[in-house]
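Overview (structure and organization)
The lines below spell out each chain.
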Amino acid sequence: ASLLPKYRGSAPYQWAVLDGLEETGVSAMYLCREMDAGDVIDVAKTPIDPNETAGMLLDRLAVLGAELLSSTLSKVEKGEAKGVAQDESLVCYAPMLDKSMCPIDFTKTAQQVHNQVRGLHPWPVATAVLAGTKFKIHQTVVLEDAPAAAPGTILGLTKTGLQVACGSGAVEIRSLQAEGGKRMAAPDYFRGHPLE
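Heads up: these notes are all about the structure in this document.

Definitions and limits used
Residues numbered from 1 in each chain as written. Predicted model: local features only at pLDDT ≥ 70, side-chain atom pairs only at ≥ 80, totals over all residues. Heavy atoms only, no water. Helix = DSSP H or I, 4+ residues; strand = E, 2+ residues; numbered from the N terminus. Contact = heavy atoms within 4.5 Å. Areas by Shrake-Rupley, 256 points an atom, 1.4 Å probe, with all protein chains shown as cover. Polar contact = N/O pair within 3.5 Å; in protein donor to acceptor, adjacent residues only side chain to side chain. Pairing = 2+ DSSP bridges. Phe/Tyr/Trp six-rings, centres within 6.5 Å; stacked < 30°, edge-to-face > 60°. Buried < 20%, exposed > 50% of the residue type's maximum accessible area, 1.4 Å probe, protein only. Core = buried A, V, L, I, M, F, W, Y, C linked by side-chain atoms within 4.5 Å. Salt bridge = Lys/Arg side-chain N within 4 Å of Asp/Glu carboxyl O. Disulfide = S-S within 2.5 Å.

**A short note on the overall build of the protein**
Per the secondary structure count, the protein includes four helices and 10 strands. Beginning at the N terminus, the succession of helices and strands in the protein can be written as β-α-β-β-α-β-α-β-β-β-β-β-β-α. Overall, the protein is about 70 × 30 × 30 Å in size when its C-alpha atoms are taken along their principal axes. Considering only residue pairs separated by 6 or more positions, the protein has 60% of its internal contacts joining residues 24 or more positions apart. Within the structure as shown, the protein displays about 10700 Å² of accessible surface, and the carbon and sulfur contribution to it stands at 54%.

**So, unusual backbone geometry**
Cis geometry marks the peptide bond from L4 to P5, where omega comes out at 15°. Assignment of secondary structure puts P5 in the segment before β1 (8-9).

**Some points on the side chain of E172**
Within the fold, E172 resides in strand β9 (residues 170-178). Of the polar contacts made by the side chain of E172, one reaches the side chain of T158; its length is 3.1 Å. Once residues within four sequence positions are removed from consideration, E172 is found in contact with Q139, T140, V141, L143, T158, T160, G161, L162 and Q163.

**Points about the pairing of strand β7 (residues 154-157)**
Note: β7 against strand β8 (residues 162-165), three bridges, orientation antiparallel. Counterpart to L157 in the pairing with β8 is L162. Counting the residues that bridge the hairpin from β7 to β8 gives four residues.

**Overview of the packing of aromatic side chains**
All told, the structure shown has three aromatic pairs when counted by the stated rule. Between F135 and Y189, the aromatic rings sit 5.1 Å apart at their centres with planes inclined by 90°, giving edge-to-face as the arrangement. With F135 in strand β6 (residues 133-143) and Y189 in helix α4 (residues 186-192), this residue pair connects regions lying 54 residues apart in the sequence. Each member of the pair, F135 together with Y189, is buried. An angle of 50° between the planes, with centres 5.9 Å apart, marks the rings of F135 and F190 as tilted. Pair noted here: F135 is in strand β6 and F190 is in helix α4, with a separation of 55 residues, a long-range link.

**Looking at the nonpolar core**
Counting 24 residues, the largest nonpolar core has I104, F106, L130, F135, I137 and L176 as the members making the most contacts within it. Within the residue set of this core, elements represented by two or more residues are α3 (110-119), β5 (126-130), β6, β8, β9 and α4. Sorting elements by how many residues they give to this core places β9 first, with four residues. Not counting residues within four places of it along the chain, the set of residues in contact with F106 comprises V113, A128, P151, G152, V164, A165, C166, G167 and V171.

**Brief notes about the environment of L90**
Mapped onto the fold, L90 is located in the loop between α2 (54-78) and β4 (93-94). As a C-alpha pair, L90 and L4 span 86 residues in sequence and 8.7 Å in three-dimensional space. Those residues within four positions of L90 in sequence are excluded, and the remaining contacts are P5 and K6.

**As for the pattern of salt bridges**
Counted according to the given criterion, the structure contains five salt bridges. A salt bridge links R60 to E52; its shortest N-O distance comes to 2.6 Å. Classification of R60 by relative accessible area gives partly exposed; the value is 34%.

**Comments concerning the state of the cysteines**
Per the counting criterion, the structure on display carries zero disulfides. Counting only cysteine sulfurs, C32 is the nearest neighbor of C92, a cysteine outside any disulfide, at a range of 16 Å. A disulfide-free cysteine, C102 has its sulfur positioned 17 Å from the sulfur of C166, the nearest such atom.

Set out below in structure tokens:
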């Protein structure tokens, strides 16, 4: 689920989102001894929506991959499945995700925070401590015109979410889950747990 030779490894589509790519895709390749290093038979590309999570992207890549597999098998049957060697100078890796990646660092840019939330969803899910409570953060949007404030400062609660300042810009947290609780829209949660 990547455009080889980029993002070889166990979490290619997640890293495409984490890194803020605008495009990814799937590759059909011949297997070889090294990981994801075989000759590429064909690729199919797709844009990544700016608010698409890794889980949403995977659902689309599964369909795209099935279509590519079908066309690749046709080429194999006809003896037309020629592979092209990967350019080793373009190789990058997509290592396995783990929970150490979850805590949000609000000193990063709003776009980086947003990409982290998207890329770690549905697992292991980005986390943040807000007003003394630890939350899983399920959905954010980048705010275009946010007032400048220290990273991590809660800027306000609107009808759509909780606004938090980042190192550059701000994000609005739309959906979250308190530890031991269920996923909720941020305004609904904070209506029952008012912020100081």
